[in-house]
Amino acid sequence: MSTHITVDPITRIEGHLRIDVEVDGGVVKKAWSSGQMFRGIERILEGRDPREAWVFTQRFCGVCTTVHAIASVRAVENALKLEIPKNAQYIRNLIIAAHAMHDHIVHFYQLSALDWVDVTSALKADPAKTAALAASISDWPGNSRQQFEQVKGRLAKFVEGGQLGIFTNGYWGHPAMKLSPEVNLLAVSHYLQALDYQRKVNQVVAILGSKTPNIQNLAVGGVANAINLDNQATLNMQKLYEVKSLLDSVQQFIEQVYFVDVCAIGAMYADWLKHGSGVTNYLSVPDLPLDSKGTQFDFPGGTIFNGDLAKITPITSFEDEYFRKNVSESIAHSWYDGEWQKHPWEEETVPKYTPYDANKKYSWIKSPRIDGKVMQVGPLAQVLVGFAQGHEPTKRWAAKTLETAGKVAGAQLTPAVLHSTLGRHAARMIRCAVISELAQKHWQLLAENIGKGDVAIFNEPVFPKGEQQGFGFHEAPRGTLSHWVVIEDGKIKNYQAVVPSTWNAGPRDAQDQAGPYEASLVGNPIADPERPLEVLRTVHSFDPCIACAIHTVDVEGNEIARVKAL
Amino acid sequence: MARTYVLGLGNVLMGDDGFGPSVVRAFLQRYVVGPDVEVIDLGTPGLDLTPWLTDAHHVVFVDTVKADLPAGTMKIYDKADLTRHAPFARIGPHDPGVKECVLTLEFAGRAPAHITIVGVVPSSCQMSLDLSPALAAAVSPAADAVARVLAEHGDDVRPRTSDAVGDVDAPWWQPVTPAGSLATSQL
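Analysis parameters
Residues numbered from 1 in each chain as written. Chains lettered and ligands numbered in written order. Predicted model: local features only at pLDDT ≥ 70, side-chain atom pairs only at ≥ 80, totals over all residues. Helix = DSSP H or I, 4+ residues; strand = E, 2+ residues; numbered from the N terminus. Rg over C-alpha atoms; globule rule 2.2 N^0.38 Å. Buried ≥ 20, exposed ≤ 12 C-beta atoms within 10 Å, placed from the backbone. Contact = placed C-beta atoms within 7 Å. Pairing = 2+ DSSP bridges. pLDDT = per-residue confidence, 0-100. Axes fitted to C-alpha atoms, helices over the stretch in contact; angles between N-to-C directions. Parallel < 35°, antiparallel > 145°, perpendicular 65-115°, else oblique. Left-handed = near helix turned anticlockwise from the far one by under 90°. Nonpolar A, V, L, I, M, F, W, Y, C, P; charged D, E, K, R; others polar.

**Q** A description of the overall build of chain A should follow, citing residues and the corresponding values.
**A** Regarding its fold elements, chain A presents 14 helices and 18 strands. Against the compact-globule benchmark of 24 Å for 566 residues, chain A has a radius of gyration of 23 Å, which places it among compact chains. Structurally, chain A occupies a C-alpha span of about 70 × 60 × 55 Å along its principal axes. Here chain A holds 566 residues, and the buried ones make up 60% of them. Taking the intrachain contacts of chain A between residues at least 6 apart in sequence as the baseline, contacts between residues at least 24 apart amount to 76%.

In structure tokens:
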């Protein structure tokens, strides 16, 4: 007899992710992913000046602000064949890197660690043993016995007060929670410390972007950060050094805390290296451009099919034909009028809602495809595409991760284990460590270029009469993001954003190929259908960002996620 | 670092959800604040809110609120109101909102000492650059309410003299302002 579980959280956000799974014999047999909000926000851009599109697109989503701004200016520049000065690339790259580090740290500690870490178990930990354990795996100065005692005391006070505060509604004491009390205490302590690094790396975006979360410094053609090393009001030596010291501090946290925590926690859940692989076709576009045109990059791009790392189809430039020609979106199971599969430039967005029906239409999300194939995007795709192309820092951090986690687990781990729920967490950390190194490199490139006397930041865009098509991609924290624009006589005629969570969370297509979330849930164990922690583990490992764009506080209500097991 | 933050929350592309940012703008046009007070339109930040709350003395949120009352009704809440009920389960990065950020910082011992929510019940949060009439009418009273709660908490806030609104950003989302070219003309 099978059980059908619906995880349909009612949050204050109107529109969110709904996951349905069919469980038989304690194992997920089938899964459906559904986006519950219409996201046709691109229509707001029709008829507007392409130079201002980025200001609007960065409001598409409150969490992924800068990434939509970057993809938008790149799309318009692509339509105009407009190159941008090197300084502008470096400044954008530093913002991209800082934003990515911010997202990854927040995702691991604030959003997903508590799927694996039992907070209440930390109350049973011995702080001295925790400190000894921590000292055996990391040099981090924030791992003293006193610090662990303090955190334990704080937690005890919370629990004694009869109030778990932020930790209410967690799956505490769940049979799938397996860490020792000491590791739980270690993780809770780092959860608190991570708040400081979230703030520090956010300051990098604020200094360069002049504001966060919505940056102000972009322009089609470059950036608006005037550079004068001796001027208080511009990007100067003092601001550059402030950025450098923040990058140093965050890099230390990533290498000595985030890296170690993922290896240690991951090793203790080694069985989750067998679950959650799902779709093993991967897509990642190149990013961190090194030249004004976008033909050389610090991150390689490409596609991998069926997990075969020996065969890679590279994506090599902002003009890449393979990417431009092969992206399409299917609406076979999405609430839009028709059954088509179309290229983004050809799409029209006509919503047509019908009741949820898993066999017909069941999601507002479309199903993007490359050459008709389902693709997984995100840090795992980024790491595997880098690995397959011999990207040195990616290979080095991946090897270090597998070795360290393998030592704790007492097993030999190969790159093949990365095709899994835990592999996605490991890959996110690997990507974060690599990007923190590359942020240092791009800071150096910027400082050296300015040192040579180059202060150019902007090339004026010129809009010819007639129609131009452009696409801009960006390898965002959650994966490949692309904006597609059609411009006519200097005005936007059509605009489509194909966002990372669409690639991953999309429903089945006309060929009935399941999307990455759906495929990755199949085979997951479910210990308790009333508390489907395992479903959350796999879905969270993608870092979903679905419920974009609306904010309402609910002070009066007392709502919790609705979990239905029938 | 500022002692007090006034944070407008919501999405200006989604109709009444743009209430918070609109009030921030109206407030800045009518009032000046001292160096200890920072007034920002934050959009829809989710957990990215925490940097603005950490160790702050007083935070004033301006946002739409869910309540069984007519659209345009203004409600003022404090920290106890906000944290009374349990937080929601997490799915995505947007799910943790104001309450979750405050509770996380509460556990860290670094939450704002005082919190005020100046909230208004929305009519329609559908894609649009305009507020509904009920909410458009509530913008001025809400800006005044922000000034009042700042004064009550001992924050430095004064009415602006009539001609000094030049340094307030233009509302880029309406009417059509070429924000891109604004940025470039400053070069």
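**Q** How would you sum up the sheet that holds strand β11 (residues 327–330) of chain A? Please name residues and give values.
**A** Residue and element names in this part refer to chain A. Sheet architecture is open: 3 strands sit in the order β12-β11-β13, paired in antiparallel fashion. Taken across any chain shown, the strands that pair with only one partner, and hence form the sheet edges, are β12 (341–342) and β13 (367–370). Across 2 bridges, β11 lies against β12 in antiparallel orientation. Across the sheet, the residue bridging to Ser 330 is Gln 341, located in β12.

**Q** Describe the confidence of the model for chain A, naming the residues involved and giving the relevant values.
**A** Residues and elements named next belong to chain A. Averaged over every residue, the pLDDT of chain A is 91; the share at 70 or more is 94%. Every residue in residues 10–15 scores below 50 in pLDDT, and together they form 22 contacts with partners more than four places removed in sequence or on other chains. Predicted confidence for residues 548–552 stays below pLDDT 50, and this span has 33 contacts to residues more than four positions away or in other chains.

**Q** Now, about the packing of helix α3 (residues 86–112) of chain A against helix α11 (residues 421–451) of chain A: what can you tell me, with residues and values included?
**A** Residues and elements named next belong to chain A. The N-to-C vectors of α3 and α11 enclose an angle of 155°; their axes lie 9 Å apart at closest approach. Here α3 is positioned roughly antiparallel relative to α11, judged by the angle of their axes. The way α3 lies across α11 gives a crossing that is left-handed. Of the residues assigned to the contact of α3 with α11, the class counts are 17 nonpolar, 8 polar and 2 charged.

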